[in-house]
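# Examining the three-dimensional arrangement
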Amino acid sequence: MRTFSRRDFLKLGVGTAGVTLLAACAPTPQTSTPSSPAQPTAGAAGAAPKVKRGGTLVHSQSWTYPTLDVHLSSIPTGPAYSSLYDTLIRHELVDDKVGRYELKPGLAESWEQADPKTIVMKLRKGVKFHDGSDFNAEVARWNLDRMRSDKKSFARDQTAAIDTVDVVDPYTIKLNLKAPSPAILAGLSGGSNGSATAMLSKAAMDKLGPDKFALNPVGTGPMKFKQLIPDDRVVLERFEDYWMKGADGKTLPYVDQFVSRYIPDPSVAMVELRSGGIHIIDNIPPKDVETVKSDPSLVYWEMPWAGPTYFFVGFNLKSGPFATNLKLRQAALYAIDRESMAKAIGFGIGRPALYPLWNSSHLGYDESIVKYPFDLDKAKQSLKDAGYPNGIDVNLLVIAREPENTIGQMAAEMWSKAGLRTKLETLERLSWIDRMRKFDFDSGFWRISTQPVDDDEKRRYFGTGGASNWSSVADPELDKLMEQGGTTYDVKQRAEYYKKALTLIQEKAYLGSGFQVPENKALRKEMKGSKVQFTYLDIRESWLDS
Amino acid sequence: MSRYFLRRAIQSIPVLLLITIITFAIVHLLPGDPALAYLGEAAAKDQVAYEAVRLELGLDQPLPVQYGKWLGKVVQGDMGRSVRTREPVTDGLSGRLPVTFQLALMAILFAVVIAVPVGILSAVRPGSRTDSVGTVFAISGVAVPHFWLGIILIYVFALWLRWLPASGYKSPTENLGANLQYMLLPALTLGAGQAAVIMRQVRSSLIEVLRNEYVRTARAKGLRERVVVQRHALKNAFIPVITIIGMQVGRLFGGAVVVESIFALPGLGRLAIDSIMFRDFAMLQGAILILAVAVVVLNLLTDVLYAYLDPRIKYA
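Residues numbered from 1 in each chain as written. Chains lettered and ligands numbered in written order. Predicted model: local features only at pLDDT ≥ 70, side-chain atom pairs only at ≥ 80, totals over all residues.

## Some points on the overall build of chain B
- The helix and strand inventory of chain B stands at 12 helices and 0 strands.
- Along the chain direction, N to C, the helices and strands of chain B fall in the order α-α-α-α-α-α-α-α-α-α-α-α.
- Taken over the C-alpha atoms alone, chain B extends approximately 85 × 55 × 35 Å along its principal axes.
- For chain B, the proportion of its 316 residues judged to be buried stands at 40%.
- Long-range pairs, those at least 24 residues apart, make up 70% of the contacts in chain B with a sequence separation of at least 6. (Helix = DSSP H or I, 4+ residues; strand = E, 2+ residues; numbered from the N terminus. Buried ≥ 20, exposed ≤ 12 C-beta atoms within 10 Å, placed from the backbone. Contact = placed C-beta atoms within 7 Å.)

## Here's the deal with the overall build of chain A
- Across its full length, chain A holds 16 helices and 25 strands.
- The C-alpha radius of gyration of chain A comes to 24 Å, within 12% of the 24 Å expected for a compact globule of 546 residues.
- Overall, the C-alpha framework of chain A stretches about 70 × 60 × 50 Å when taken along its three principal axes.
- Per-residue burial over chain A gives 57% buried out of 546 residues.
- Look at the contacts in chain A between residues 6 or more apart in sequence, and 72% of them connect residues 24 or more apart. (Rg over C-alpha atoms; globule rule 2.2 N^0.38 Å.)

## Section: the interface of chain A and chain B
- With 36 residues of chain A at the interface, the matching set in chain B holds 43 residues.
- Classifying every residue of the side of chain A that touches chain B by side-chain character gives 15 nonpolar, 9 polar and 12 charged. (Nonpolar A, V, L, I, M, F, W, Y, C, P; charged D, E, K, R; others polar.)

## Digging into helix 15 (residues 476-486) of chain A
Residues and elements named next belong to chain A.
- Among the residues making up helix 15, those that are buried are L478, L481, M482, G485 and G486. Seen from one end, helix 15 has its buried residues packed into an arc of 130 degrees, which puts them on one side. Those residues of helix 15 that are exposed and aimed more than 90 degrees away from the buried face are P476 and E477.
- Of the surrounding elements, those touching the buried residues of helix 15 are helix 14 (459-462) and helix 16 (491-507). (Arc of directions from axis to C-beta.)

## Let's talk about the nonpolar core
- Among the nonpolar cores identified, the biggest contains 236 residues, and A331 and A335 of chain A together with L103 of chain B are the most heavily contacted of them.
- For this core, the element with the highest residue contribution is helix 8 (residues 176-210) of chain B, accounting for 16 residues.
- Other than its neighbours up to four places away in sequence, A331 of chain A contacts A379, S382, L383, A386, A418 and L420 of chain A. (Core = buried A, V, L, I, M, F, W, Y, C linked by C-beta atoms within 7 Å.)

## What about the pairing of strand 9 (residues 223-229) of chain A?
- Pairing analysis gives 6 bridges linking strand 9 of chain A to strand 10 (residues 233-238) of chain A, with the strands arranged antiparallel. Along strand 10 of chain A, the bridge assignment pairs K224 of chain A with E237 of chain A. (Pairing = 2+ DSSP bridges.)

## With respect to the sheet that holds strand 7 (residues 162-169) of chain A
Residue and element names in this part refer to chain A.
- Read from one edge to the other, the open sheet built from 4 strands follows the order 5-6-8-7, with strand pairing classed as antiparallel. Of all strands in the sheet, those bounded by a partner on one side alone are strand 5 (108-115) and strand 7. Across the sheet, the mean angle from the axis of one strand to that of its neighbour is 20 degrees, orientation sign disregarded.
- Two elements, strand 5 and strand 6 (residues 118-123), share 6 bridges in a ladder whose sense is antiparallel. For E112, the partnering residue across the bridge sits in strand 6 and is V120.
- Against the sheet, helix 3 (residues 137-149) touches strand 6, strand 7 and strand 8 (172-177), its axis set at about 170 degrees to strand 7. (Axes fitted to C-alpha atoms, helices over the stretch in contact; angles between N-to-C directions.)

## Considering the environment of E339 of chain A
Residue and element names in this part refer to chain A.
- Relative to the helices and strands, E339 resides in helix 10 (residues 338-346).
- A count of 14 C-beta atoms within 10 Å places E339 in the partly exposed class.
- Separated by 175 residues in the primary sequence, E339 and G514 have C-alpha atoms spaced 8.5 Å apart.
- The residues contacting E339, other than those within four sequence positions of it, are P352 and F374.

## Side note on the pairing of strand 10 of chain A
All names here are of chain A.
- Between strand 9 and strand 10, which pair antiparallel and follow one another directly, the connecting turn spans 3 residues, one of which, D231, has a positive phi of 65 degrees.
- Strand direction decides the pairing type here: strand 10 and strand 11 (residues 257-262), joined by 5 bridges, are antiparallel. The partner of E237 across the bridge, within strand 11, is Q257.

## Remarks on the sheet that holds strand 12 (residues 280-282) of chain A
Residues and elements named next belong to chain A.
- Across the sheet, 7 strands lie side by side as 9-10-11-2-12-21-13; this open sheet has mixed pairing. The open sheet has two edge strands with one neighbour each: strand 9 and strand 13 (298-303). Going from strand to strand, the sheet's axes swing by 20 degrees on average, the running direction of each strand aside.
- Strand direction decides the pairing type here: strand 12 and strand 21 (residues 519-524), joined by 3 bridges, are antiparallel. Each bridged residue has a counterpart across the sheet, and for D282 the counterpart in strand 21 is K521.

Below, the structure is given as structure tokens:
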């Protein structure tokens, strides 16, 4: 292995999603300016904009928090989590034009790479949990151990590179990595997995036990827990002793109370937003974008570099017609008209996804890599070459919900036109999971709710035994390339590995993709200063101008 | 009468037990298990996590053992913990029951308040303009689905007029005024369909009663029509109406599922559906038991009302 220099480390840039790593960090306490990518605050640069304090900020989402113990949450991305908890490193959006991120100090004040397999982190002093207990190296180690050892932890993948954690002194920890890991810092920031790697109060966990902690969470975040009404709302209130300071020199957050509501019906959530009942909604459906844009009391906030990918399609690679028939898989991929799909279901904001999981900001992305643009003749020819000149009957499994139902109908029709006579099976979510797990399918598709922050995360979708590897891709060569990419600091070298990996996926036609819609939020005009960590709402600097 | 009720109560125990067995069987016949629901489509291929969750939830044990363990705990007053929301089942139910109870009560109230006068007016003058309007109202009440009516009401009252909040819930103990504001539209939505059914029943039943000999006698005595209807006909016409209202309560819970979803109310109906989707057996059992008990009690209550309305009905 070539020698690893500090410069290499700084250069990491972790190209994916434009993350730039800052090895050296800003002075503490960190002071922030209240500007939002969506709402550039008036006033020349440098002039401290006026903020107003107080009020209750209300947010809504179409899902309910499965637990408030964020390590064990299958959706660790809601703003209640980022308000209750802090991560060691923050994943801040610094340029919303191109989607450039920087890793900034969170509970870790600074970090240094002592050698390729060792990271030393200086922790912020004087940070208190909401229960009054101290945040220190012991607590950080306990948290990192829990993320890796609890089998139900959703932060396991992100912290898997850590072998052991040493407490050097009360405010210094040393992470001993199993192998060099360019993804570990982004992983510790939570990245695309929200607050999964946040720090919880060990004292509270010891006192309450995991079951009660899940309902009475204690973190170091800007908001402390007040009330949970399951299936309705989480109510948080201002934590007076929060460590981060606002533009007015006082501690954050600006608002007194934060309410995260669960509104299952998106059209009702939209009415609530328009009538002022709530201030912000995550991920509005493409059909509502025009309504938001045309309403003078609302602001549309789009993050085009991220967002969910629909029609992420996989084939049964264990048994059935697709398993050993490359030409058949290629026929299926050629037969998908991604443009039409994006147009019909993306309502003007969708765009075709050329490659599965890779977009232009990712390492190794190269449009010279083999691709499968819509071509009915090629699809038919491939089907013939696959040994099915008269066509073939296949099934396509989809979870019964929108927009998947409509996408499934479009896809089935497109495939049938090419000669893959498709039986669309619309299944309730758990039935879909059950059949896919049992390999009782020919093909199936699902959605990827956001873009990976680091290319290493993609392993879960096609690495042998990956948690979301529904096709059960098991290709030792691909695993090796991903392993190499995941343990190489040199960005150029890393990109090479990922390019080869994408090439292999495409040549073998393991996976297909349909279209992507931008991550978006709709908010009321009076809500100012909102920021995101990755693409997830972070309300600590939000304030209400009313 | 009290012996009759005692007997009915004892009879309902095997019914409830059977319901728990059927619920248990159905939940386990459905494909997938709570461990898969817990992990979701993003992580359900993670075998290590899957096995760990199954073990923790006791899903690795044979089904009769799982049921036996559950029943053993229930007998001791421990209904377990929800896999989906992590709360103790008793807390989950006690939090949601008042919501659905209030919703159902207000819906029935709305339905009766609207349906009875309209039904009477229609019955007294069958074929009149009032009758036609009432009939149109009734037919549309039955024909319009809850989700459509709910959304329309939200648009009108929350977005255009801004009189009422669009969705959500406030506890009546916290703020009764706000609570009523939140519950008004959901109760109207749920009550509309019921009102239609009840109105039609009042109408037909009253028309029938008004044809009876004793009504003719009352009229022949020279009583005013109002007295004839109110004193003589109405009470008798109400027996089938009470039956219908009693039967509607079961349907009401079905409607509550939809209405609670639209108006984002944390009620029992939505809890039951979410629990089914998650295969959250403990919570589902709790919810179904409560609904079953409610139906049993309401049937009893209907019987009591029969006896009140018709002195010929006696329970021994």
